[in-house]
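# Examining the three-dimensional arrangement
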Amino acid sequence: LFIFLSAPIFAQGVDNEDLQVIQSIYGKEKKEMLKSFLMLSDADAAKFWPVYEAYEVERKAQGKRRVALITEYVNTYGAADDAKLDKMTLESIKINTDSDKLLGKYYGKMKKAVGAKNAAKFFQFETYMLLAVKESIYDNIPFIDELGK
């Protein structure tokens, strides 16, 4: 039953989905958490936040791809043949690879803007948050053939 109820949730925009998951896990907005973690000077903050906002635009676009794939998985659960599962698995690998590339790209931009230490802190924080969101989502969808056993 959860499978069919979760598809509409995943079909809603990822922009709010990520934020809701993060807020439910941590109880405050991601950006506020990052501000507290980084503790940037005013000068560094002026350089950092525009780069971060550009990152968020690209990350959210990737998130929409992930949500579309999860929705497809939920909607075809139990009925997907080998070809469909192969296609979805390869798309998942591509999304994960693209996410890692995006983090690497913005680590470089952050490093130029605010130095390696602050860029590394951004990378560490963002990696942790992405993993927390993934875990929360994947905890709520079944493994292949899990239901019905």
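I will try to describe carefully the structure that is included in this document.

Quick notes on the rules
Residues numbered from 1 in each chain as written. Predicted model: local features only at pLDDT ≥ 70, side-chain atom pairs only at ≥ 80, totals over all residues. Heavy atoms only, no water. Helix = DSSP H or I, 4+ residues; strand = E, 2+ residues; numbered from the N terminus. Expected span 1.5 Å × (residues − 1). Bend = angle between axes of the 7 residues up to and from the residue. Salt bridge = Lys/Arg side-chain N within 4 Å of Asp/Glu carboxyl O. Buried < 20%, exposed > 50% of the residue type's maximum accessible area, 1.4 Å probe, protein only. 1 Å grid on protein atoms, 1.4 Å probe; cavity = no way out; pocket = protein on both sides within 12 Å on 5 of 7 lines; lining within 4 Å. Points joined across faces, edges and corners; volume = space filled by probe spheres on them. Nonpolar A, V, L, I, M, F, W, Y, C, P; charged D, E, K, R; others polar. Axes fitted to C-alpha atoms, helices over the stretch in contact; angles between N-to-C directions. Parallel < 35°, antiparallel > 145°, perpendicular 65-115°, else oblique. Left-handed = near helix turned anticlockwise from the far one by under 90°. Contact = heavy atoms within 4.5 Å. Polar contact = N/O pair within 3.5 Å; in protein donor to acceptor, adjacent residues only side chain to side chain.

This brings us to helix α4 (residues 42-76). End to end, α4 covers 50 Å across 35 residues, agreeing with the expected 51 Å (1.5 Å per residue, within 8%). For α4, the principal kink sits at Phe48 and spans about 25°; a proline, Pro50, occurs within the next four residues. Where α4 ends, the next residue or the one after it, Gly78, has phi of about 85°, a positive value.

The next thing to look at is the pattern of salt bridges. One pass over the structure, following the stated rule, counts 13 salt bridges. Glu53 is paired through a salt bridge with Lys31; the nearest N and O atoms lie 2.8 Å apart. With Glu53 in helix α4 and Lys31 in helix α3 (residues 30-38), this residue pair connects regions lying 22 residues apart in the sequence. Using a relative accessible area of 35% as the deciding quantity, one classes Glu53 as partly exposed. Lys31 gets classed as partly exposed once you look at its relative accessible area, which sits at 29%.

Moving on, we get to unusual backbone geometry. Here Met39, not a glycine, exhibits a phi torsion of approximately 50°, which is positive. Its location among the elements puts Met39 in the loop between α3 and α4.

Before going further, it helps to examine the environment of Met129. Inspection of the secondary structure assignment puts Met129 in helix α6 (residues 116-138). On the accessibility criterion, Met129 (2% relative accessible area) is buried.

Now for the layout of surface pockets. The computed volume of the largest pocket comes to approximately 380 Å³. Contributing to the lining of the largest pocket are 15 residues, with Ile70, Tyr73, Ser92, Tyr138 and Ile141 lying nearest its centre. Listing elements by their share of the lining of the largest pocket, those giving two or more residues are α4 and α5 (82-114). Of the residues forming the lining of the largest pocket, the biggest block, six residues, is contributed by α5. Grouping the constituent residues of the lining of the largest pocket by class yields 11 nonpolar, three polar and one charged.

Turning our eyes to something else, we now look at the packing of α4 against α6. Look at α4 against α6: their axes get within 13 Å of each other, and the N-to-C directions meet at 25°. Judged on the interaxial angle alone, α6 and α4 are roughly parallel. For the pair α4 and α6, the crossing hand works out as right-handed. Across from Asp44, Phe48, Tyr52, Tyr55, Glu56, Arg59, Arg66 and Ile70 in α4, the residues of α6 making contact are Asn118, Phe122, Glu126, Leu130, Lys134, Ile137 and Tyr138. Looking at the contact of α4 with α6 residue by residue, the classes come out as eight nonpolar, one polar and six charged.

What follows concerns the side chain of Arg59. Following the sequence through the fold, Arg59 ends up in helix α4. What makes Arg59 buried here is its relative accessible area of 8%. Side-chain polar atoms of Arg59 contact the side chain of Glu56, separated by 2.8 Å.

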